[in-house]
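Structure at a glance
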Amino acid sequence: MIRVAVGRQWSGIVRELQGSCSPITPLLLQHYSTGSQSKTAYTGSEILNYMGGLDGEKKQLIHKLVNFRMKQGKKTRVRAIFNETLHRLARTDRDGIQLISDALDNVKPICEVAKVRIAGNIYDVPGVVDRDRQQTLAVRWILDAAFKRRTNHSSRLEECLFAEIMDAYRKRGTARKKREVLHGLASTNRSYAHFRWW
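In this text, all values refer to a predicted model and were calculated from it rather than measured experimentally. (Residues numbered from 1 in each chain as written. Predicted model: local features only at pLDDT ≥ 70, side-chain atom pairs only at ≥ 80, totals over all residues. Heavy atoms only, no water.)

**Observations regarding the nonpolar core**
Taken as a class, soluble globular proteins show a tendency for nonpolar side chains to be buried jointly. Residues I100, I142 and I165 are the most contacted members of the largest nonpolar core, which totals 29 residues. Where this core is concerned, the elements lending two or more residues are α4 (56–69), α5 (75–90), α6 (96–107), α7 (131–153), α8 (157–169) and α9 (174–188). Considering every element that reaches this core, the biggest residue donor is α7, with seven residues. Not counting residues up to four positions away in its chain, the partners in contact with I165 are T85, L89, L99, I100, A103 and I142. (Core = buried A, V, L, I, M, F, W, Y, C linked by side-chain atoms within 4.5 Å. Buried < 20%, exposed > 50% of the residue type's maximum accessible area, 1.4 Å probe, protein only. Helix = DSSP H or I, 4+ residues; strand = E, 2+ residues; numbered from the N terminus. Contact = heavy atoms within 4.5 Å.)

**What to know about the packing of aromatic side chains**
One pass over the structure, following the stated rule, counts three aromatic pairs. With 4.8 Å between their ring centres and 50° between their planes, Y123 and Y192 make a pair best called tilted. Linking Y123 in strand β2 (residues 121–128) with Y192 in the segment after α9, this pair joins segments that are 69 residues apart in sequence. Ring pairs connect the aromatic residues Y123, Y192 and F195, which therefore count as one cluster. (Phe/Tyr/Trp six-rings, centres within 6.5 Å; stacked < 30°, edge-to-face > 60°.)

**A word on unusual backbone geometry**
For D93, which is not glycine, the phi dihedral falls at a positive 60°. Counting through the fold element by element, D93 comes out in the loop between α5 and α6. The exposure class assigned to D93 is exposed, which follows from its relative accessible area of 74%. Non-glycine residue K171 carries a positive phi angle of around 60°. K171 gets classed as exposed once you look at its relative accessible area, which sits at 51%.

**A look at the confidence of the model for the protein chain**
Per-residue pLDDT for the protein chain has a mean of 77; in total, 73% of the residues score no lower than 70. Counted against residues more than four places away or in other chains, residues 1–8, with its pLDDT under 50, gives zero contacts. Counting interchain partners and residues more than four positions distant, the pLDDT-below-50 stretch residues 20–51 has 30 contacts. (pLDDT = per-residue confidence, 0-100.)

**Regarding the pairing of strand β1 (residues 111–118)**
In this sheet, β2 lies alongside β1 in antiparallel orientation, the contact comprising eight bridges. Bridging across to β2, V116 finds its partner in Y123. Linking β1 back to β2 in an antiparallel pair, the connection comprises two residues, with A119 at a positive phi of about 55°. (Pairing = 2+ DSSP bridges.)

**Considerations on a positive patch on the surface**
A cluster of basic residues, K71, K74, R77 and R150, forms a positive patch at the surface. Within the fold, K74 resides in the loop between α4 and α5. (Patch = residues over 30% accessible without salt bridge, like charges linked within 9 Å, V, L, I, M, F, W, Y side chains within 5 Å. Areas by Shrake-Rupley, 256 points an atom, 1.4 Å probe, with all protein chains shown as cover. Salt bridge = Lys/Arg side-chain N within 4 Å of Asp/Glu carboxyl O. Lys, Arg positive; Asp, Glu negative; His and termini not counted. Charge placed at Lys NZ, Arg CZ, Asp CG, Glu CD.)

**Overview of the pattern of salt bridges**
Evaluated as defined, the whole model comprises 11 salt bridges. Here R88 ties to E84 by a salt bridge, and the two come within 3.8 Å at their closest N and O atoms. Here the residue R88 and the residue E84 both occupy positions in helix α5, the gap between them amounting to four residues, near one helical turn. Its relative accessible area of 18% is what places R88 among the buried residues. The partly exposed category is assigned to E84, whose relative accessible area is 24%. Taking the shortest distance from any N to any O, the salt bridge between R149 and E164 comes out at 3.2 Å. Placement of R149 in helix α7 and of E164 in helix α8 is noted, with a sequence separation of 15 residues between them.

Right, here's the structure in full:
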């Protein structure tokens, strides 16, 4: 009796989904179809493909944010923190992932400084940062700034990460200050740029 009731509920849900035009509808229809084919498990990344129509760069950015914050393999805990941060960003009436992407663009460094030893002297030689390293440094700086804010203000990490992303989006905050300091250092030592050999 219970199986029949549950089967009718699922068939009703499937009928409703066939009438809707949600982007996740094909995935759910394939998963909960009442035919003889076996049900398959879907990962979070496959559902993200349908939910936002995310391109490869944004998906890579999400994975990088989650993996950089992860400690001792506790990925589910970090995902919960990231989801809470996305919910807070969604309350600002903007696309949360696009807002994170814009915030990272405001923090990405264009040039950095490397120490080079020439004839017994050590010089700070400026150089252009690769695109992948730009994103890595921006993610690292924002997460470090959020963690420091958490220790200083003794609030939850979700709140601190949200505040730091909003500060970076508005071109201020600790991470943005790091970028400006690095650019200032590279500008000061631009006379040593000819020592760059790599």
